[in-house]
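Structural description and commentary
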Amino acid sequence: MGDRLRPRPRPQVTLLGQRLAVIHTGGTIASRPDPGGPGVTPQEAPAVPGLPGVTVTAHQPFRLPSPHVTPGHMLELARLIERLAPDADGIVVTHGTDTLEETAFFLHLALATDTPVLLTGSMRHAEEVSWDGPGNLLDAAYVALHPESRGRGPLVVFGGDLFDARTVTKVHTSAVDAFGGYPGPIGRIDRTGETAHLRFFARPEARPVYAPAQVDARVEILYAYAGWQGEGYAEAAARADGLVIAALGTGNLPAELLPLVAASAGAGQPVVIATRTHAGPILPVYGYPGGGATLVAAGAIPASFLNAHKARLLLLLLLSLGQGLEEIRGVFGEGGF
Ligand SMILES: NC(=O)C[C@H](N)C(=O)O
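Everything numeric in this text was worked out from a predicted model, so none of it was measured.

Cut-off values and rules
Numbering of residues starts from 1 in every chain and runs along the sequence as written. Totals for whole chains, interfaces and linings use every residue, but because this is a predicted model, local features are given only for residues with pLDDT of at least 70 and side-chain atom pairs only at 80 or more, for both listing and counting. Calculation of side-chain values draws on the structure's entire complement of heavy atoms; hydrogens and water are dropped beforehand. Only protein chains enter the calculation, and the probe is 1.4 Å; a residue is then buried if its accessible area is under 20% of its type maximum, exposed if over 50%, and partly exposed in between. Each helix is a run of H or I in the DSSP string that is no shorter than four residues. Each strand is a run of E no shorter than two, and both are numbered from the N terminus. Being paired, for any two strands, means DSSP has found at least two bridges between them. Salt bridges, as used here, are contacts in which a Lys or Arg side-chain nitrogen is within 4 Å of a carboxyl oxygen on Asp or Glu. Note on method: axes are straight lines fitted to C-alpha atoms, helices fitted across the in-contact stretch only, with angles between N-to-C directions ranging 0 to 180 degrees. An angle below 35 degrees is treated as roughly parallel, one above 145 as roughly antiparallel, one from 65 to 115 as roughly perpendicular, and anything else as oblique. A clockwise turn of the near helix away from the far one marks a right-handed crossing, whereas an anticlockwise turn of less than a right angle marks a left-handed crossing. By the convention used here, residues are in contact when the closest approach between their heavy atoms is within 4.5 Å. Each residue gets one of three labels, nonpolar for Ala, Val, Leu, Ile, Met, Phe, Trp, Tyr, Cys and Pro, charged for Asp, Glu, Lys and Arg, and polar for the others, Gly among them. UniProt positions are given in the numbering used here, feature names are shortened, and annotations may be inferred rather than shown by experiment. By convention a nonpolar core is built from buried Ala, Val, Leu, Ile, Met, Phe, Trp, Tyr and Cys residues, the set being connected through side-chain atoms within 4.5 Å. Domain segmentation is taken from an automatic or database assignment of domains. Polar contacts here mean pairs of N or O atoms no more than 3.5 Å apart (in protein, one a potential hydrogen donor and the other a potential acceptor; neighbouring residues in sequence count only if both atoms are side-chain atoms). Two parts placed together each lose some accessible area; with a 1.4 Å probe, that loss summed over both constitutes the buried area.

Here we come to the pairing of strand S12 (residues 195-200). The alternating pattern of S12 places Ala196, Leu198 and Phe200 on a buried face and Thr195, His197 and Arg199 on a face that is not buried. Pairing of strand S11 (residues 187-192) with S12, which is carried by six bridges, proceeds in the antiparallel orientation. Among the inter-strand pairings, Arg188 is bridged to a residue of S12, identified as Arg199. Turn length for the S11-S12 hairpin, with the two strands adjacent in sequence and antiparallel, is two residues, and the turn residue Gly193 shows positive phi of about 60°.

Going through the model one piece at a time under the given rule, you end up with 11 salt bridges. Residue Asp161 is joined to Arg188 by a salt bridge in which the shortest nitrogen-to-oxygen separation is 3.0 Å. Highlighted residues: Asp161 in strand S8 (residues 161-164) and Arg188 in strand S11, separated in sequence by 27 residues. Under the relative-accessibility criterion, Asp161 is labelled partly exposed at 22%. One salt-bridge network, in which partners are shared between bridges, spans Asp161, Arg188 and Asp190.

Before going further, it helps to examine the packing of helix H1 (residues 71-84) against helix H2 (residues 100-110). Put simply, H1 and H2 touch, their axes get as near as 10 Å, and they point 50° apart. With respect to H2, the element H1 is oriented oblique. Two packed elements cross with a definite hand, and for H1 against H2 that hand is right-handed. Facing Pro71, Met74, Leu75, Leu77, Ala78, Ile81 and Glu82 of H1, the residues of H2 in contact are Glu102, Thr103, Phe106, Leu107 and Ala110. Of the residues in the contact of H1 with H2, the class split is nine nonpolar, one polar and two charged.

Here the UniProt-annotated "domain: L-asparaginase N-terminal" (unreviewed entry) positions come out as residues 19-190. For the annotated span residues 19-190, helix accounts for 22% and strand for 24% of the residues, and the straight-line distance between the end C-alpha atoms is 21 Å.

The relative placement of two packed helices is expressed as an angle between their axes plus a distance between the axes. Closest axis-to-axis distance for the H2/helix H7 (residues 308-320) pair is 10 Å, and the angle between their directions is 35°. Pair H2 / H7 crosses with right-handed handedness. Every residue of H7 that contacts H2 at Glu101, Glu102, Phe105, Phe106 and Leu109 is listed here: His309, Lys310, Leu313, Leu314 and Leu317. Residues of the contact of H2 with H7, tallied by class, amount to six nonpolar, one polar and three charged.

Once that is clear, we can look at the nonpolar core. Judged by nonpolar contacts, the single largest core of 59 residues is most densely connected at Ile81, Ile91, Phe106, Leu314 and Phe332. Both domain 1 (19-200) and domain 2 (219-333) contribute no fewer than three residues apiece to this core. Filtering out sequence-adjacent residues up to four positions away, Ile91 remains in contact with Leu20, Ala21, Ile23, Ile81, Leu84, Ala85, Thr115, Pro116, Val117, Leu118 and Ala144. Among the nonpolar cores identified, the runner-up in size contains 24 residues, and Ala140, Ala141, Leu155 and Ile186 belong to it.

This next bit is on the environment of His309. For His309, the position within the fold is in helix H7. The partly exposed category is assigned to His309, whose relative accessible area is 26%. Between the C-alpha atoms of His309 and Pro67, which are 242 residues apart in sequence, the distance is 13 Å. With residues up to four places along the chain from it excluded, the contact list for His309 reads Glu101, Glu102, Thr169 and Ile221. At 3.2 Å, the side chain of His309 forms a polar contact with the side chain of Asn307.

Turning our attention to the domain arrangement of the chain. Here the chain is described as being made up of domain 1 (19-200) and domain 2 (219-333). Averaged C-alpha coordinates put domain 1 and domain 2 at centres separated by 31 Å. The partner domain 2 presents 11 residues to the 13 residues of domain 1 that form the contact. Here domain 1 meets domain 2 over a buried area of about 1,000 Å², counting both sides, of which 75% is carbon and sulfur. If you sort the residues of domain 1 by the area they bury against domain 2, Glu102, Phe105 and Tyr182 come out on top, with a joint share of 44%. Linking domain 1 with domain 2 are zero salt bridges, by the criterion used here. Our count for the domain 1 to domain 2 interface comes out at five residue pairs in polar contact (both at pLDDT 80 or more). When contributions to the side of domain 1 that touches domain 2 are tallied by element, the ones reaching two or more residues are H1 and H2. It is H2 that provides the largest number of residues to the side of domain 1 that touches domain 2, a total of five residues. Here the residues of the side of domain 1 that touches domain 2 are counted per class, giving eight nonpolar, two polar and three charged.

Here it is, written out as structure tokens:
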């Protein structure tokens with residue numbers, strides 16, 4: 001049998017002597033019904049289920065519902081992870097699910113470490129019968145401590161599926177299997193007793209690092225719809241350093257938007273075109289006014305496969321690093337993320 005055909009022995013995770021850092025940031029996984037209020041709020045970080053032989057350290061830089069998380073918090077988290085990484089074999093971040101994909105992608109862009117970083121959360125709170133927090137947390141810990149997880153950049157684990165930070169997205173508001181994204185999971189973890197069965201379906205890709213000292217640029221998102229005549233565009237363009245538009249299909253807009261986009265690009269203001277469709281690339285196909293080919297000819301930057309909120313984070317980091325329009329066009333165009 002040739003070397004290519006010979007199965008490699010699969011490394012197993014050995015928990016004994018491993019060091020796991022768990023960073024709690026809030027979300028439903030830290031939530032319960034609020035005794036003094038109308039609903040559920042983050043109150044207490046979840047306990048990490050038993051991991052025999054593992055030294056676990058817990059950290060809580062903030063405790064927030066994830067709709068309150070900002071890029072400033074993401075930067076704080078990135079700095080904490082950089083500090084913890086040299087003394088940890090794996091890092092788990094618990095996070096609210098609503099903006100989990102944004103924090104995951106921010107960390108994907110800004111972190112240089114090879115130490116595995118696994119983000120997870122829960123869809124049910126600690127007082128619900130079907131609380132999914134402990135299982136997700138245990139899955140995240142096993143993946144974080146597995147030798148095959150090194151050097152892959154931050155990953156999301158949810159319901160046993162493992163997702164790449166670039167493509168993962170929340171696809172359901174209430175189901176326990178709340179995460180998906182095109183083209184789907186890059187791995188899977190299942191546990192039988194104390195054995196973890198982990199399989200990756202893809203190899204890690206090279207990842208440039210974009211780590212500004214501060215995220216001080218301003219980037220806004222506009223959402224396209226049938227009949228949009230550019231309402232809100234001028235105001236957003238006046239306030240922001242850059243814009244992202246969740247456009248239609250392969251990246252098309254109503255005709256009224258073409259001169260507005262051309263004016264921004266002409267003035268050196270980046271306008272990134274993403275899609276409100278849930279999968280697929282931005283392509284310069286259509287030549288009618290506002291069609292993707294005309295927007296690109298006018299200077300707009302296609303977001304590739306990134307959704308609007310991830311394209312916003314990439315643009316935010318590039319602008320915060322002081323990059324100009326052509327450098328930014330290069331990063332998006334060459335898929336440097
Ligand atoms: N399941 C969750 O965690 C949702 C919650 N609203 C949050 O993102 O903080």
